[in-house]
Every structure is written in C-alpha cells, then in structure tokens.
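Spelled out from the first residue to the last, the chains are:
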Amino acid sequence: MKYLVMETHPAYAVLLDQSGRFLKAANLNYHVGDTVMDIIELSPSPDSGQKRIRLLRRMTRSLTAAAACFLLLFFGVYRPNFTPYGTVRLQINPDIQMTVSQTERVLDLDALNQDGEDLLEGYEYQGKSREQASEELIDRAMDMGYLTEGGTVSITVESDDSDWQQEEEEKSLAQMREKYGQTIIIRTGIMEEEAEEPLLQTESDVEIIIDLPTATPAPQTETPTPAASPTPTPVVIPSDDDDDDDGAVWHENDDDDDGWDDDDGDDDSNDDDSGDDDSDDDDSDDGDDD
C-alpha cells in the first residue's frame, strides 16, 4: 500500500493511505508530498466509537465520584448536624423545649408556656450546642428571677432512638449537676405538677342520674255497689185470744194447699189443756189438805 506524506515532524510524519485514513509513522527523512510504501506506524488512530466509549467511561466515573461526595456530605455532615433527632425539655418555671440533632446541635427552640416565651424573648440559639444553650437559659432564668437557690430544674429527653435518648439524658444530667449541683436541684423526668394526667374522680365526685320510668296510673274502675237485699215483710200471726169468725190462721209453712189451719182443732187442744190444768189444781189442793 502506498502512503502520501502530508506532514513532517522531527520524530514522526503524518501519512495518508489509499483508504483515506491518516496515520502516524516514523519520520524516515520524509518530505511533504513524497509517496512511500514501507512505513513504521507509531500507533493506530482510534475511531469515533472508541472515543465515545472512553468519554462515557470518564463521565460515569465523574458522576460516581460526585454521588459519593454527596452521600458523604449528607450522611456524614448534613444529616447528623442539621436533621432533627430528638428533643430536650427544660422545666424551670418557664417551660421550654429544644429540638436537637444527633450531634446535639440546637435546631429549634420553642416555649411551652407564657414564662417560657418571656425567657426566650431576644435569645439567639442558632449554631449553639445543647449544653451551651441549656446553661445560658438556666443563667437567664436566674437573672430574671424564675430560678433561685434551691430551685429545681427538670430535664426530659425524647427520641425514637432509645439508646441515644438514654445517653443524652445521662450526659445532660451530669453536665448540669457539675455546674449547678451546689445551688439548684437537677433531675430528669417531667415534673409531677406539670404532668398532664387526667384527675381521677372519686365516688363522691360522680353524679349519677338514674331515669326512673314514669308510673302510668291504672285506669280506675267503678267498684260495683252490692244491691241491697230485699227486707222480708214480717207476717203477723194473730194470737189465740183474738176471735176470728172463720177461725183460720195463715201459716207460711203450712203443708195444706190453702195455707189455712182449722180453729176447731186448736180449740180441742185448748180444751184438753184446760182439763189438764184443772186436774193439776185438784191434786195440789189435796196435797195441801193432807
């Protein structure tokens, strides 16, 4: 294959082959315009496809490095320092709560009552640690008269990470006692008087209302008055001394159909009785004479 010398340099020459490719070859005293056949090629010229592949590889390595740097910054610097990880509550008389990061950086500060708002008024917490902010707030409470010697400060730490919560609570307690242990009482947990627990009602405090059913009056019925029994009409029986023309006396229980008794029978009986009386009289007289 023949090559046309296009450029000459002290160490190499640029040649053009019959296919239209440019090649680098050793300069064997070539001159521009010479046509040569036997050459010493220095390096093959890369095609455009290989260039794209190399470019993509370089871009991939760059993106990977950038992502690694971002993750390192986020998880190694930003997240531990600028992401809320827990809260630290200080109860003096002012009640305040600090939102802190995993590295104890104060991210927010809230007042939980009116005294807390007065205590935080004009206070700058940005960029301060939990320890620094706690000490400054306690000193501020003393200066404003909220906390005196012998007073109590309660520290409560809350977090989803129980291990971090316990460690932070113990660390806060130790730091506060080291500085204020001789003048004030430092403890952990919510103060009893501040604990929001519902009051239990005793039995005497409970008002029990029982709805009794309204009694429906029974319908009044009239008691029937017993009918008065008819008074029997008395039957007048005439005595024996009365004279009666027909001699008949009415008897209610008489078995005769006509209900009348004959006076003749009665007279006979009366006569017999008279006789008996006379005999009795005679006997009595005889007895007296004897």
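See the structure shown above.
Once that is clear, we can look at the pairing of strand β3 (residues 22–26). Relative to β3, strand β2 (residues 12–16) runs antiparallel, the two sharing five bridges. When the bridges of β3 are listed, Leu 15 appears paired with Leu 23. In this antiparallel pair of consecutive strands, β2 and β3, the connection spans five residues, and Gly 20 shows a positive phi of 90°.

Its 19 residues place the ends of helix α4 (residues 162–180) 27 Å apart at the C-alpha level, agreeing with the 27 Å of an ideal helix rising 1.5 Å per residue. Among the residues making up α4, those that are buried are Trp 164, Glu 168, Ser 172, Leu 173, Gln 175, Met 176 and Tyr 180. Contact partners of the buried residues in α4: β6 (86–91), β7 (95–100), α3 (130–143), β9 (152–158) and β10 (185–188). Capping of α4 at its N-terminal end is provided by Asp 161; its side-chain oxygen lies 3.2 Å from the backbone amide nitrogen of Asp 163.

Bringing the packing of aromatic side chains into the picture now. Throughout the structure, instances matching the rule amount to one aromatic pair. Consider the rings of Tyr 85 and Trp 164, whose centres lie 5.3 Å apart with planes at 80°: the pair is edge-to-face. Here Tyr 85 is found in the loop between α1 (48–82) and β6, whereas its partner Trp 164 is found in helix α4, with 79 residues between them in sequence.

Under the 1.5 Å per step criterion, the end-to-end length of α3 is 20 Å for 14 residues, consistent within 8% with the ideal 20 Å. With its phi angle positive at about 85°, Gly 145 sits one or two positions after the end of α3.

Glancing now at the nonpolar core. If you look at the biggest cluster of nonpolar residues, it comprises 26 residues, and the most contacted ones within it are Met 98, Leu 137, Val 153 and Ile 186. Sorting the residues of this core by element identifies β6, β7, β8 (106–111), α2 (114–120), α3, β9 and α4 as the ones contributing at least two each. Filtering out sequence-adjacent residues up to four positions away, Val 153 remains in contact with Leu 90, Gln 91, Ile 92, Ile 138, Leu 147, Ile 184, Ile 185, Ile 186, Arg 187 and Met 191. Among the nonpolar cores identified, the runner-up in size contains eight residues, and Tyr 3, Val 5, Leu 15 and Val 36 belong to it.

Conventions and cut-offs
- Position numbers for residues count from 1 along each chain, tracking the sequence in the order it is written.
- Selection of residues for local features in this predicted model requires a pLDDT of at least 70, selection of side-chain atom pairs for listing and counting requires 80 or more, and totals for whole chains, interfaces and linings are taken over all residues.
- Excluding hydrogens and water, the side-chain figures rest on all heavy atoms present in the structure.
- Here, strands pair whenever DSSP counts at least two bridges between them.
- What counts as a helix is a DSSP run of H or I of at least four residues, what counts as a strand is a run of E of at least two, and both are numbered from the N terminus.
- Multiplying 1.5 Å by the helix residue count minus one yields the expected span of that helix.
- Classification of residues uses two cut-offs on accessible area relative to the type maximum, computed with a 1.4 Å probe and protein chains only: under 20% is buried, over 50% is exposed, and between them is partly exposed.
- The contact criterion used throughout is that any non-hydrogen atoms of two residues lie within 4.5 Å.
- Side-chain atoms alone can form a polar contact between residues adjacent in sequence; in general such a contact is a pair of N or O atoms within 3.5 Å, and within protein one must be able to donate a hydrogen while the other accepts it.
- The aromatic pairing rule takes the rings of Phe, Tyr and Trp, using the six-membered ring of Trp, and pairs them if the centres are within 6.5 Å, calling planes under 30 degrees apart stacked, those over 60 edge-to-face and the rest tilted.
- Take the buried Ala, Val, Leu, Ile, Met, Phe, Trp, Tyr and Cys residues and link them wherever side-chain atoms come within 4.5 Å; each set so joined is a nonpolar core.

Read these as spatial facts, not as claims about activity.
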